[in-house]
Amino acid sequence: MTVISAPSALIGDATRGPAAVVVDGGRIVEVLHDVRTRDVDHVRLTSGVLTAGLLDLQVNGCFGVDFGDALPPAWRQARHALLATGVTSFLPTLITAPVPDLVARIDACAGMVGDDQAEASRILGLHVEGPFLSVLHAGAHDASLLRDPEPDQVEALLAAGRDGVLALVTLAPERRGALEAIRRLVAAGVVVSVGHTDATAALVHSAAAAGASMVTHLFNAQRGLHHREPGVPGAGLTDPRLRLGLIVDGHHVADDAVRVAFAAAGARIVLVTDAVAAAGMGPGTTTLGSDVVSVAAAGQPPRRRDGTLAGSALTLDEAVRNVVALGVGRDAALLAATRTPADAVGRQDLGRLEVGAVADLVWWDDDLHVRGVWLGGVRVA
């Protein structure tokens with residue numbers, strides 16, 4: 001049994017302190033505000049804030065690794081590197097490809113889902129983004145491969161992604177058969193997110209009624225907000241059934257739009273990176289699926305040859321700092337990277353400092369840089 005104490009900790013929906021968690025068997029067994037009488041192993045953090053580990057629900061790749069074609073050693077490299085950014089759990093994301101190719105890739109990745117390796121960020125399942133997307137908002141996806149979600153193809157993805165391997169699917173609800181596909185996916189335990197879509201606000205609400213519970217990268221690759229047709233952002237910001245993925249890298253979403261999103265729906269915001277292999281690598285050329293993407297200079301996002309944004313080079317701890325720098329409260333920013341994404345994928349045992357939760361922890365300094373990470377109560381390098 002170990003006690004880890006800090007001057008403040010994110011407990012519930014606010015930072016409180018001083019506070020501590022008691023860890024036994026890899027889980028939190030007690031949350032304390034007075035540890036003076038505890039005669040056990042005690043890790044005393046003398047500064048900063050303690051939170052649950054971060055969860056990133058959209059990671060195409062990072063640290064030179066593209067999850068679309070990576071081999072196991074490269075996966076381990078990326079999973080280890082993610083820990084330094086505070087990400088203790090994530091959803092590797094596979095972008096648009098022919099369905100048979102996606103099935104093969106899901107099969108290849110299935111063994112890694114739920115395989116808790118020492119000093120490696122946990123893989124909670126796969127996020128399949130496409131091919132059931134709008135050609136009008138293809139973004140970095142190959143528009144020639146986009147198609148309707150025909151029942152046999154939905155069933156093929158579900159069969160390959162059984163037993164929780166397929167965790168999240170992004171689709172456009174205006175595609176023929178999409179509402180039926182949403183119902184089928186949700187019935188099978190898959191989270192459905194509305195994205196890369198030209199849906200009207202009314203259709204987004206209909207998708208939520210069918211079981212969709214997220215919006216993929218709010219404001220990006222979707223019908224925009226208009227005062228007569230609120231589009232995807234308008235529906236997402238007002239529909240309490242939807243959590244909203246948001247990329248805060250200074251390029252995908254303007255600062256004021258980030259502030260609007262947190263003001264309107266802060267408790268439903270899920271910070272994501274949409275990172276590609278370029279994340280953590282600096283300027284240069286990498287890949288996203290079958291396409292070549294380039295980062296021109298430090299601080300710039302990855303782009304395709306035609307200039308289209310192609311994911312980001314963001315890390316999730318950086319996203320938290322970016323949100324706070326815009327004037328959003330620190331607690332709201334931290335919750336958007338911990339508890340809210342955990343709730344979005346139905347993992348109430350992650351993303352929070354609560355009794356019974358997995359003891360995945362992050363120690364931040366006062367400037368919100370990661371100082372230490374624990375997986376299952378064990379500190380990792």
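Scroll up to find the structure this text is about.
Since the model is a prediction, treat every value here as computed from it, not as a measurement. (Residues numbered from 1 in each chain as written. Predicted model: local features only at pLDDT ≥ 70, side-chain atom pairs only at ≥ 80, totals over all residues. Heavy atoms only, no water.)

Caption draft 1: Region of interest: the pairing of strand β17 (residues 243-246). Bridging between strand β16 (residues 214-215) and β17 involves two bridges; their strand directions are parallel. Looking across to β17, one finds that methionine 214 is bridged to arginine 243. For the crossover from β16 across helix α6 (residues 231-238) to β17, the handedness is right-handed. The pairing of β17 with strand β18 (residues 269-271) spans three bridges and is classified as parallel. Each residue of the ladder has a partner; that of glycine 245, found in β18, is valine 270. What joins β17 to β18 is helix α7 (residues 255-265), and the crossover it makes is right-handed. (Pairing = 2+ DSSP bridges. Helix = DSSP H or I, 4+ residues; strand = E, 2+ residues; numbered from the N terminus. Right-handed = clockwise from strand over helix to strand, strands pointing away.)

Caption draft 2: Structural view of α7. When we look at burial in α7, the residues that qualify are Ala257, Val258, Ala261, Phe262 and Ala265. The buried side chains of α7 occupy one side of the element, clustering within an arc of 135° when seen end-on. Exposed side chains of α7 directed beyond 90 degrees from the buried face belong to Asp256 and Ala263. As for α7, its buried residues are in contact with α6, β17, β18, α8 (316-325) and α9 (330-335). (Buried < 20%, exposed > 50% of the residue type's maximum accessible area, 1.4 Å probe, protein only. Arc of directions from axis to C-beta. Contact = heavy atoms within 4.5 Å.)

Caption draft 3: Highlighting the pairing of strand β21 (residues 361-364). Of the two faces of β21, the one lined by Leu361 and Trp363 and the one lined by Val362 and Trp364 are each fully buried. Here strand β7 (residues 49-52) runs beside β21; their pairing, made up of four bridges, is antiparallel. What sits directly across from alanine 52, in β21, is leucine 361. In this structure, β21 lies alongside strand β22 (residues 370-375), joined through four bridges in antiparallel fashion. Directly across from leucine 361, in β22, lies its bridge partner tryptophan 374. Counted between consecutive antiparallel strands, the loop separating β21 from β22 contains five residues, among which leucine 368 sits at a positive phi close to 65°.

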